[in-house]
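Coordinate analysis (summary)
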Amino acid sequence: MSECIFCKIAAHQIPVKAVYEDEHSIAFADVNPQSPTHLLLIPKQHIANVNAGSAEMLGHLLKKAANLAERELPDGFRLVINTGGDGGQTVHHLHLHILGGRPMTWPPG
Ligand code: 5GP
Ligand code: ZN
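Below is a summary of the structure that appears in this document.

What counts and what doesn't
Here the residue numbering is sequential within each chain, running from 1 through the sequence in written order. Each chain gets a letter, beginning with A, and each ligand a number, beginning with 1, in the order they are written. Reporting in this predicted model follows two pLDDT cut-offs: at least 70 for local features of residues, and 80 or more for side-chain atom pairs to be given and counted; totals over whole chains, interfaces and linings ignore these cut-offs and use all residues. The basis for every side-chain value is the complete set of heavy atoms in the structure, and neither hydrogens nor water enter the calculation. When DSSP finds at least two bridges between two strands, those strands are taken to pair. In this description a helix means any DSSP run of H or I spanning at least four residues, a strand means any run of E spanning at least two, and both kinds are numbered starting from the N terminus. A fitted line through C-alpha atoms serves as each axis, taken over the contacting stretch for helices, and the angle formed by two N-to-C directions is quoted from 0 to 180°. Any two residues whose heavy atoms approach within 4.5 Å at even a single point are treated as in contact. Water is not part of the atom set, so a site may look incomplete; the donors themselves are N, O and S atoms within 2.8 Å of the metal, or 3.2 Å for Na, K and Ca. Whether a residue is buried, partly exposed or exposed follows from its accessible area with a 1.4 Å probe, protein chains only, as a fraction of its type maximum: under 20%, in between, or over 50%, in that order. Take the number of residues in a helix, subtract one, and multiply by 1.5 Å to get its expected span. Read the arc as the range of directions from the helix axis to the C-beta atoms. Nonpolar cores were defined as sets of buried Ala, Val, Leu, Ile, Met, Phe, Trp, Tyr and Cys residues, with membership established by side-chain atoms within 4.5 Å. To be near a molecule or strand, a residue needs just one of its heavy atoms within 4 Å of it. Any pair of N or O atoms that falls within 3.5 Å is considered a polar contact. Within protein, one atom must be able to donate a hydrogen and the other to accept it, and sequence-neighbouring residues count only if both atoms are side-chain atoms. Note on areas: these come from Shrake-Rupley sampling with a 1.4 Å probe, and a residue is covered only by the protein chains present in the view. Residue classes follow a fixed rule: Ala, Val, Leu, Ile, Met, Phe, Trp, Tyr, Cys and Pro count as nonpolar, while Asp, Glu, Lys and Arg count as charged, and any other residue, Gly among them, counts as polar.

Section: the sheet that holds strand 1 (residues 18–21)
Reading across from one edge, 1-2-3-5-4 is the order of the five strands in this open sheet, with antiparallel pairing throughout. A strand with exactly one partner marks an edge of an open sheet, and here the two such strands are strand 1 and strand 4 (78–80). Each strand axis lies, on average, 20° off the axis of its neighbour in the sheet, ignoring direction. Direction of pairing for strand 2 (residues 25–29) relative to strand 3 (residues 37–43): antiparallel, over a ladder of five bridges. Along strand 3, the bridge assignment pairs Ile 26 with Ile 42. Against the sheet, helix 2 (residues 55–72) makes contact with strand 1, strand 2, strand 3, strand 4 and strand 5 (96–100), and its axis sits at roughly 155° relative to strand 3, the strand it touches most.

Written out as structure tokens, the structure is:
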């Protein structure tokens, strides 16, 4: 069995309160939120990072994230995909961070 934590969440082996779910993806609150609203949107299929995703899948995921963020965060939001060591990726299953509920600063840390 996969040891990937997000595969387990996608398979409902680890319960989360989903804020969105369909056949291909699921969104839930980050366990260590960096903003008042901090959601993660993941594909159910194990894809290690953004470089490994197909254009079609990435396009669908991005559009879903934007729709979800527009619904949850009408005052604005930030979408983040950390990738690799310098990118700060700690879970090696593709995920989009949806951050909002406060003004974001720039540059990011
Ligand atoms: P990364 O650093 O890879 O971009 O983001 C991984 C994110 O997953 C982190 O923000 C971390 O808090 C979150 N995370 C890690 N494990 C879990 C978990 O078991 N449940 C939830 N809800 N979030 C998790
Ligand atoms: Zn996985």
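We are not done yet, so read on.
Considerations on the coordination of the zinc ion (ligand 2)
Cys 4 (SG), Cys 7 (SG), His 46 (ND1) and His 93 (ND1) make up the full set of protein donors to the zinc ion (ligand 2), lying at 2.0 to 2.3 Å. Sequence spacing among the residues donating to the zinc ion (ligand 2) works out to C-x2-C-x38-H-x46-H. Placement of His 46 in the loop between strand 3 and helix 2 and of His 93 in the loop between helix 3 (84–87) and strand 5 is noted, with a sequence separation of 47 residues between them. Overall, the relative accessible area of 40% leaves His 46 in the partly exposed class. On the accessibility criterion, His 93 (0% relative accessible area) is buried.

Side note on helix 2
Here helix 2 spans 25 Å end to end across 18 residues, near enough to the 26 Å set by a 1.5 Å rise per residue. Every buried residue of helix 2 is accounted for by Met 57, Leu 61, Lys 64, Ala 65, Leu 68 and Ala 69. Looking down the long axis of helix 2, one finds its buried residues gathered within 130° of arc, a one-sided arrangement. Looking at helix 2, the residues exposed on the side facing more than 90 degrees away from the buried face are Ala 55, Glu 56, Lys 63 and Glu 70. Buried-residue contacts for helix 2 involve strand 1, strand 2, strand 3, strand 4 and strand 5.

A short note on the nonpolar core
Leu 41, Leu 61 and Ile 98 are the most contacted members of the largest nonpolar core, which has 13 residues in total. Mapped onto this core, the elements with two or more residues apiece are strand 3, helix 2 and strand 5. Counting residues per element, this core draws most heavily on helix 2, at five residues. Aside from chain neighbours lying at most four places away, what touches Leu 61 is Ser 25, Leu 41, Ile 42, Pro 43, Leu 94 and Leu 96.

Quick word on the site of ligand 1
The full set close to ligand 1 counts 16 residues, and Asp 30, Asn 82, Thr 90, His 95 and His 97 are the nearest of them. Within the contact set of ligand 1, an oxygen atom lies 2.5 Å away from a side-chain nitrogen or oxygen of Asp 30. One of the side-chain nitrogen or oxygen atoms of Asn 82 is found 2.8 Å away from an oxygen atom of ligand 1. With the chains in place, 80% of the 520 Å² that ligand 1 exposes on its own is no longer accessible. For the shell around ligand 1, the elements supplying multiple residues, two or more each, are helix 1 (5–10) and strand 2. Looking at the shell around ligand 1, the element that brings in the most residues is helix 1, giving three residues. Split by residue class, the shell around ligand 1 holds eight nonpolar, seven polar and one charged.

Note that every value here comes from positions in space, so none of it alone points to a role or purpose.
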